[in-house]
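Residue-level structural notes
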Amino acid sequence: MSTILDVPRPRINFSMLSRYISKPVCFVGRVEKVHPTGKTFTVADGEGQCVCVELNDPLEDELSGIVEVIGMVSNKGAIMATAFSMLRDEKGSVFDLELYNEAVKVIHDFPQHYPFDAAASG
Amino acid sequence: MSVNLTAGAIEDLFNESPVINPVLQVMYIREYPPGKQGHTRYRLNLSDGVRSSSCFLLASQLNHLKEAELLAPNCVCMLKKTISSYLGHKRVLVVVDMDVLQTAADAGGNIGNPTQLIGQTTGQQEANPSTSSSDEIPGPSGYGTSGSCENSQMKSSPMKSSWKASPMKASGMMSSMKASGMPSPMKASPVKGSGIVSPMEASPVKGSGMPSPMKASPVKGSGMSFPMQASTSSSPSQRPTKLTPIYHLSPYLSNWTVRARVTNKSDIRNWSNSRGEGKVFNFEVLDESGEIRITAFNSEVDKFFSLVEQNKVYLISKGSLKVANKQYTSLKNDYEITLEANSCIVPCEDSQGVPTVHCDFVPISQLEGKDPEAIIDVIGVCEEAEDVSLITTKAGKQLTKRELVLSDSSGKMVMLTLWGDQAQKFNASCHPVVAVKGARLSTFGGRSLSAFFCSTVMVNPDIPEAFELRAWYNQVGHGLCSQSLTEVQFTSGEFRTNWKSLSDVKTEQLGHGEKADYFSCVATVVFARKENCLYRACPSESCNKKVQEQDDGRYHCDKCGKDYPDFKYRFMLSVNLADFGDNVWATCFQDTAETLLGLGADRLGRLKDTDEDAFNEVFQKVHFSKHIFRSRVKLETYNDECRVKVTVMEVLPVDHRQHSRRLLNSIRTLACGN
């Protein structure tokens, strides 16, 4: 598990999932539904598309709001989460998921200006 | 003469036989008796080398051809489009589109030896009909005059009688025209004056219900009081009514029926002046051929105001036509209609073919180039709306108004003022797309728009431009800080901000002009100078002059000329601000420094004297804090030295979402630019 946190994990949204199969990614979205077993839940990105997140250990607490999930993309398009964190609302400011989505798109549209891979390895 | 005239074209044209782009020579051009307000039209006598006819009117949009002398006697031209029309009971062809193939100079003299075309009788009239006094097509009032096509034989009275006697009560046609079932057709058609029609060719036009034979019957020369018949009319054969396209309406037409959709309906407006009082409302209608404005006064207001609904289609007839007052409308029609007591408006279910609201939207960025007082159609997203406010006019009237800011994809914004009911009813939530038809442009605050009583304001209209604008706004527009054409300060909103980066200050040479430049930026305090951040100021109210300490421990203020036992600390803080591009030194005075440092001047002063650590702590905290700085920059000369001085006017916390949106938009804009 520590290995995934050492490797660059690009931020993606739903439309980019297919490009990152078997690769570590970081996905931020709003929690939609939590499976009764607690081992999986769905997250919706800024465009409203849902992704299924699978956990190794079932959830202990209530999960809601915006979460950031780090994990590998499975070949079925789900994310096998190794770590996740909830973004709490701070000082009344709401996380603007649509805006975040726009930023993610920009990062991917202009990789020459956002060389995260090189920065991480270099 | 290398150009050949289309022989037989004149006969064909008046026969209603199809003839495509006939080439004709202009024999002469007469000025039409000017109608009201000097509305000039030209009447042409055209020849195909065999026959000639003076029953041609030049459409007013082609007047320039004559005025530029391109169209002159003897020139050769090609008629590309004509419309059949009627002056009283005389048929004329209105030339809507033509090309001049040969100028008069090139053509030389007359081509061929054309004879005048009149009726069935083979032309043996004088070749130069211009001598005939019966030349003049009757003016607007002249239904009764001899509207004959130059035919010296035909003089008014004799023809009249023979004509009337003929079974050709062409006026019978009238009834076929009106869906509303007009009674006695005779009444409707001003069958006066000479129709020059030899009874020979009288088609058996009896009574109603003969629309088709009408068309087929050879309409030679003038004089059949046929109803309006536009050869380009789109009325399909199944419709029993003979409709007139709006394009053809003119004061010289009688008995028209128009089928059109109401695009713009105003409120009732009451007025009272020295001549009396009254009420008026107007509306604009549109059909496939064009638009026209309709006004109703007093009793007609009562009759029609509730009947006429925006966006519905009606059959309208029997209004009076006059030259349009362009001051009140953006429509491109020379005429406008006034409803009379006998006007008739009937809802029409069959609206096939009648287009919906037609607006000629002007991008906001082009408003600067338009004349002030122009009537404009605009569509934009309502970014901000002030609340409804009440103002009192100079006349003492109370008006409600509401100001909105519209922005569109041209990247500019403008203020739109709504009045009265429109102001109160307007719902500004969710950034609606607002389309205004017929708003008046004014020079208030630079350029701004006002929706006066004739304008129609549509919120989120069902038109493609609205959808495009909504899509643009959702993707790009909402974060865009467009430049406003209206330099009025808003109490709320972002519109006065001029976002720059610190590198722009140098590259754009801000402050180098005559006036100071104001800008806003997001920057980080890299350094705040502790030394001399405070000065001792005169304690009296509103005098902030630096005081000199006297020997006796009192403080002397030069401005007040007094000594004071005490002073007050005031800020004059030098900070170095930086962003990705550059850094600048700026000065923060009392208010801004207090906001930045988070405490008042006197408190800091006390700390400075008492607790040095705490004093330093204050400055530590401010280092590397990020804020929005609204600043004033000016090039100032001090003892032969020119320096750009930046003064911070306001310090605000960074709104990250807004800042992110701005950045995203800049990125996208830059990307598109490349």
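Scroll up a little and you will see the structure.
First things first, this report covers the structure right here in the doc. Note that the structure is a prediction, hence the values are computed from the model and not measured.

A word on the overall build of chain A
A count of helices and strands for chain A gives three helices and six strands. Mapped from its N terminus to its C terminus, chain A presents α and β elements in the order α-β-β-β-β-β-β-α-α. Looking at the 122 residues of chain A, the share that counts as buried comes to 38%. Long-range pairs, those at least 24 residues apart, make up 53% of the contacts in chain A between residues at least 6 apart in sequence. As displayed, chain A offers around 7200 Å² of accessible surface, 53% of which is attributable to carbon and sulfur atoms.

Describing the sheet that holds strand 24 (residues 555-557) of chain B
All names here are of chain B. An order of 23-24-25 is seen for the three strands of this open sheet, with the pairing classed as antiparallel. The sheet terminates laterally at strand 23 (547-549) and strand 25 (562-564), the two strands that pair on one side only. Between one strand and the next, the sheet's axes are offset by a mean angle of 35°, whatever the strand orientation. Alignment of strand 24 against strand 25, held across three bridges, turns out to be antiparallel. Residue H556 lies in a different strand from strand 25, and its bridge partner there is D563.

Observations concerning the interface of chain A and chain B
Reports often express the size of an interface as the amount of accessible area lost when the parts come together. The interface of chain A with chain B comprises ten residues on the first partner and seven residues on the second. Here chain A meets chain B over a buried area of about 740 Å², counting both sides, of which 63% is carbon and sulfur. The interface formed by chain A and chain B holds three salt bridges in total. Between R657(B) and D96(A) there is a salt bridge whose closest N-O contact spans 3.0 Å. The class makeup of the residues in the side of chain A that touches chain B is six nonpolar, no polar and four charged.

Re the pairing of strand 8 (residues 269-273) of chain B
A regular strand places its side chains so that they alternate between the two faces of the sheet. Residue and element names in this part refer to chain B. Here strand 8 runs beside strand 9 (residues 276-286); their pairing, made up of five bridges, is antiparallel. Within the sheet, the bridge partner assigned to R269 lies in strand 9 and is V280. As consecutive antiparallel partners, strand 8 and strand 9 are separated by two residues.

A short note on the packing of helix 13 (residues 601-610) of chain B against helix 14 (residues 612-622) of chain B
Residue and element names in this part refer to chain B. Running from N to C, helix 13 and helix 14 cross one another at 130°; their axes reach a closest spacing of 6 Å. Taken together, the axes of helix 13 and helix 14 lie oblique to each other. Mapping the contact onto sequence places L604, L607, K608 and T610 in helix 13 and E612, A614, F615, V618 and F619 in helix 14. Of the residues assigned to the contact of helix 13 with helix 14, the class counts are six nonpolar, one polar and two charged.

A short note on the pairing of strand 21 (residues 517-528) of chain B
Residue and element names in this part refer to chain B. Sheet analysis places strand 21 next to strand 28 (residues 626-638), joined by eight bridges and oriented antiparallel. Bridging across to strand 28, F519 finds its partner in S631. Relative to strand 26 (residues 568-578), strand 21 runs antiparallel, the two sharing four bridges. Looking at the pairing, T524 lines up with A578 of strand 26.

Re the environment of R554(B)
All names here are of chain B. Counting through the fold element by element, R554 comes out in the loop between strand 23 and strand 24. When the C-alpha atoms of R554 and D566 are compared, they prove to be 6.7 Å apart, with twelve residues separating the residues in sequence. When near neighbours in sequence (up to four residues on either side) are disregarded, R554 contacts Q548, E549, D563, Y564 and P565.

Things to note about the packing of aromatic side chains
A ring pair, where both rings are aromatic, is described by two values, the distance of the centres and the angle of the planes. Within the structure shown, the criterion is met by ten aromatic pairs over all chains. Seen in terms of ring centroids, F41(A) and F84(A) are 6.0 Å apart; in terms of plane orientation they differ by 65°. Their pairing is edge-to-face. One end of the pair, F41(A), is in strand 3 (residues 40-44); the other, F84(A), is in strand 6 (residues 79-87), and 43 residues separate them in sequence. The class of F84(A) is partly exposed, set by a relative accessible area of 34%. Three or more aromatic residues joined by ring pairs make a cluster, and in this case those are F281(B), F283(B) and F305(B). Sitting over the ring of W585(B), R529(B) keeps its end group 4.7 Å from the ring centre. Here the basic side chain of R662(B) rests over the ring of W499(B), its NZ or CZ set 3.4 Å away from the ring centre.

A closer look at helix 13 of chain B
All names here are of chain B. Taken together, the buried positions of helix 13 are A601, L604, G605 and L607. End-on view of helix 13: buried residues confined to an arc of 160°, all on one side of the axis. Set apart from the buried face of helix 13 by more than 90 degrees, the exposed residues are R606, D609 and T610. Buried residues in helix 13 make contact with strand 22 (534-537), strand 26, helix 12 (590-597) and helix 14.

Quick notes on the nonpolar core
Residues and elements named next belong to chain B. Grouped together as the largest cluster of nonpolar side chains are 55 residues, with contacts concentrated most on F56, M98 and F283. Sorting elements by how many residues they give to this core places strand 5 (residues 90-102) first, with six residues. Contacts of M98, omitting those with residues within four sequence positions, involve L44, L58, L62, L65, L71, C77, M78, L79 and K80. Within the second largest apolar cluster, 41 residues are counted, among which are L597, A601, L607 and V633.

A word on the environment of G109(B)
All names here are of chain B. Of note, G109 is situated in the loop between helix 3 (104-107) and strand 6 (115-116). Sequence separation between G109 and M27 is 82 residues; the distance between their C-alpha atoms is 9.5 Å. Non-local contacts of G109, meaning those with residues more than four positions away in its chain, are made with Q25 and N74.

Quick notes on the rules
Residues numbered from 1 in each chain as written. Chains lettered and ligands numbered in written order. Predicted model: local features only at pLDDT ≥ 70, side-chain atom pairs only at ≥ 80, totals over all residues. Heavy atoms only, no water. Helix = DSSP H or I, 4+ residues; strand = E, 2+ residues; numbered from the N terminus. Buried < 20%, exposed > 50% of the residue type's maximum accessible area, 1.4 Å probe, protein only. Contact = heavy atoms within 4.5 Å. Areas by Shrake-Rupley, 256 points an atom, 1.4 Å probe, with all protein chains shown as cover. Pairing = 2+ DSSP bridges. Axes fitted to C-alpha atoms, helices over the stretch in contact; angles between N-to-C directions. Buried area = accessible area lost by both parts, 1.4 Å probe. Salt bridge = Lys/Arg side-chain N within 4 Å of Asp/Glu carboxyl O. Nonpolar A, V, L, I, M, F, W, Y, C, P; charged D, E, K, R; others polar. Parallel < 35°, antiparallel > 145°, perpendicular 65-115°, else oblique. Phe/Tyr/Trp six-rings, centres within 6.5 Å; stacked < 30°, edge-to-face > 60°. Lys NZ or Arg CZ within 6 Å of the ring centre and 35° of its normal. Arc of directions from axis to C-beta. Core = buried A, V, L, I, M, F, W, Y, C linked by side-chain atoms within 4.5 Å.

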